[in-house]
2 protein chains.
Amino acid sequence: MLKKERHAYIMREIDIHNKVLSSDLSIQLTVSEDTIRRDLQELDDNGILTKVHGGALSKSFHFTLQNNTVYSQPEKKIIAQKARELIKDGMLVLLSGGTTIIELIKSLPHELNATFITVSIPTALELLDHPNGEVIFIGNKLLKSAQMSVGAEVVQRLSEIKCDLCFLGTNSIDVENGITDLDLEVIEVKRAMIRSAKKTVSLSISKKLNTVQRMVVCKIGEVDVLITELDPGDALLAPYHSKISTII
Amino acid sequence: MLKKERHAYIMREIDIHNKVLSSDLSIQLTVSEDTIRRDLQELDDNGILTKVHGGALSKSFHFTLQNNTVYSQPEKKIIAQKARELIKDGMLVLLSGGTTIIELIKSLPHELNATFITVSIPTALELLDHPNGEVIFIGNKLLKSAQMSVGAEVVQRLSEIKCDLCFLGTNSIDVENGITDLDLEVIEVKRAMIRSAKKTVSLSISKKLNTVQRMVVCKIGEVDVLITELDPGDALLAPYHSKISTII
DNA sequence: AACATATTTGCGTATTTATGCAGTATTAAA
DNA sequence: TTTAATACTGCATAAATACGCAAATATGTT
């Protein structure tokens, strides 16, 4: 890879994330960190980014550095680690929205080559950053609160595909009611996602276990895999074992 | 093999891969690397590629490096101010991608109530922040480099709608060739966008005036409104007045 | 065709550039 | 304060480049 190509790659990363880490770039571009540091130095000299300890920042958004206030991030990172093991090369994977899903995408190995389908704009944006694999967005009217496509058209198009895995970032799950959610339009889409997938994986931080919302997405038995940050043997998960075949 | 033939071959490679390596070309064309270097030097002097250590890159690489820096921000804000005047309540508005379009969205009045359609993920994300109006995303396979939907499905669905306005963030525009761009898949979509709109508005910072890329999106006559940060009477815009009805 | 002239090309050599590595210094975070 | 991560320095090496020159090729003129 030519130096200028690396520079272009780095600037694209900066445009998307407003920051880059030398260590990440070193792996993604398969060059030494020294080279990355020299690249960043050069781009800094050209005035198009700001080099800092550990990487570089966008000139335009200095202040958004510590904006990464993802709720319960450590737990979500653990869940992401577990979930990524399920995705193999060549799979067709359906992803919902939510910060847990974002963490999952961030943790995907760069060499993974799968096809991802989503209805969530932030999820799509994160997927676009993954160097391999294809990304398909099912569009239609966007729901502002959930930042995702909703409506009959989406449900229809989801019914036309058959995926290997469906990952749902889950707001509320309990043994009695299954997965529940608030918004009817969101629920319609999530149901369609579940129907079009061979296996449904629910990603839930333990705080959300045993909570209920107003409307049912699916019964607990329709969930094939439940992933939390807890040890599968944890007492909190005990009631779920009889209903869900795989708990990680 | 004649020099001109080599040049044609090199440019074709550049068109396809956006880069060439001197070492590769030397083998493919069975000439010495010196000759290749001299070829690349000549093509660089003609301004149709960018020679770098180890080979050459498409001119577009240079563009992407300068594109999203803070420098053009003021110009883009001015363009956004002018463009927003065109959007009225109740309109159906088609938006492309690009930072100029993002600026336009940011500058939209909160009380505006229009329906927006887009194929660009960052544009959609920005639109979702707007309190009023509806947002429709036309999805399909996403092109990573442009962060937008591409492919026949998108073109088909665009053909089914009729919008009031189409705003194009324009990379290159000149009187001879009209709006030009790099990527065939992007061009297909942009053409479809133009076809489905009653009026096409091109947003271009003046740096991009009189620049040409390899492939034509539309002739200059198909642009109904041209918006730059310049005064409409500016000398740079003089050649455009005879071809475009409205220049702001 | 024959010739003179200009251009193009390849090769050897000196120079420059790009990159990684090792050791040391510095910084940031626990 | 301690510790781990990151940065800097100098150096080694390989690759790429520039330069001069001579051979080969093309071009134009009579």
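Just above sits the structure.
Residues numbered from 1 in each chain as written. Chains lettered and ligands numbered in written order. Predicted model: local features only at pLDDT ≥ 70, side-chain atom pairs only at ≥ 80, totals over all residues.

Participant: Mind showing me how you'd approach the protein's contact with DNA strand D here?
Facilitator: Surrounding DNA strand D, one finds 13 residues, the nearest of these being Ser22(A), His53(A), Gly54(A), Ser22(B) and Gly54(B). Those elements giving two or more residues to the surface near DNA strand D turn out to be helix H2 (22–28) and helix H3 (33–45) of chain A together with helix H2 (22–28) and helix H3 (33–45) of chain B. In terms of residues, the surface near DNA strand D owes the most to one element, H3(B), which gives three residues. Grouping the amino acids of the surface near DNA strand D by side-chain chemistry returns no nonpolar, eight polar and five charged. (Near = placed C-beta within 6 Å. Helix = DSSP H or I, 4+ residues; strand = E, 2+ residues; numbered from the N terminus. Nonpolar A, V, L, I, M, F, W, Y, C, P; charged D, E, K, R; others polar.)

Participant: Got a minute to help me understand helix H7 (residues 121–128) of chain B in this structure?
Facilitator: Because the α-helix completes a turn every 3.6 residues, residues three or four places apart line up on one side. Taking burial as the measure, the eight residues of H7(B) include eight buried ones, the bulk of the element. Among the residues of H7(B), Ile121(B), Pro122(B), Thr123(B), Ala124(B), Leu125(B), Glu126(B), Leu127(B) and Leu128(B) are the ones counted as buried. (Buried ≥ 20, exposed ≤ 12 C-beta atoms within 10 Å, placed from the backbone.)

Participant: Looking at this model, I keep getting lost on the protein's contact with DNA strand C. Mind explaining?
Facilitator: Around DNA strand C, the neighbouring residues are Lys3(A), Val31(A), Ser32(A), Asp34(A), Thr35(A), His53(A), Lys3(B), Val31(B), Ser32(B), Asp34(B), Thr35(B) and His53(B). At the level of elements, H3 of chain A together with H3 of chain B are the ones that each hand at least two residues to the surface near DNA strand C. Broken down by class, the residue content of the surface near DNA strand C amounts to two nonpolar, six polar and four charged.

Participant: Explanation requested: the nonpolar core in the structure shown.
Facilitator: Counting 114 residues, the largest nonpolar core has Cys166(A), Phe167(A), Cys166(B) and Phe167(B) as its most contacted members. With residues up to four places along the chain from it excluded, the contact list for Cys166(A) reads Leu94(A), Met193(A), Ile194(A), Ala197(A), Thr200(A) and Val201(A). Listed in part, the 13 residues of the second largest apolar core include Ile14(A), Val20(A), Ile36(A) and Leu40(A). (Core = buried A, V, L, I, M, F, W, Y, C linked by C-beta atoms within 7 Å. Contact = placed C-beta atoms within 7 Å.)

Participant: Please clarify how the sheet that holds strand E2 (residues 50–52) of chain A should be interpreted in this entry.
Facilitator: Sheets are built from strands paired through backbone hydrogen bonds, the pairs being either parallel or antiparallel. Residue and element names in this part refer to chain A. Strand order in the open sheet formed by three strands is E1-E3-E2, and the pairing between neighbours is antiparallel. Of all the strands in the sheet, the pair left with one neighbour each is strand E1 (19–21) and E2. Here the strands of the sheet are splayed against their neighbours by 20° on average, with no regard to which way each runs. The sheet contact formed by E2 and strand E3 (residues 55–57) spans three bridges and is antiparallel. Paired with Val 52 across the bridge in E3 is Gly 55. Strand contacts of H3: E2 and E3, with the helix running at about 140° to E2, the strand carrying the most contacts. (Pairing = 2+ DSSP bridges. Axes fitted to C-alpha atoms, helices over the stretch in contact; angles between N-to-C directions.)

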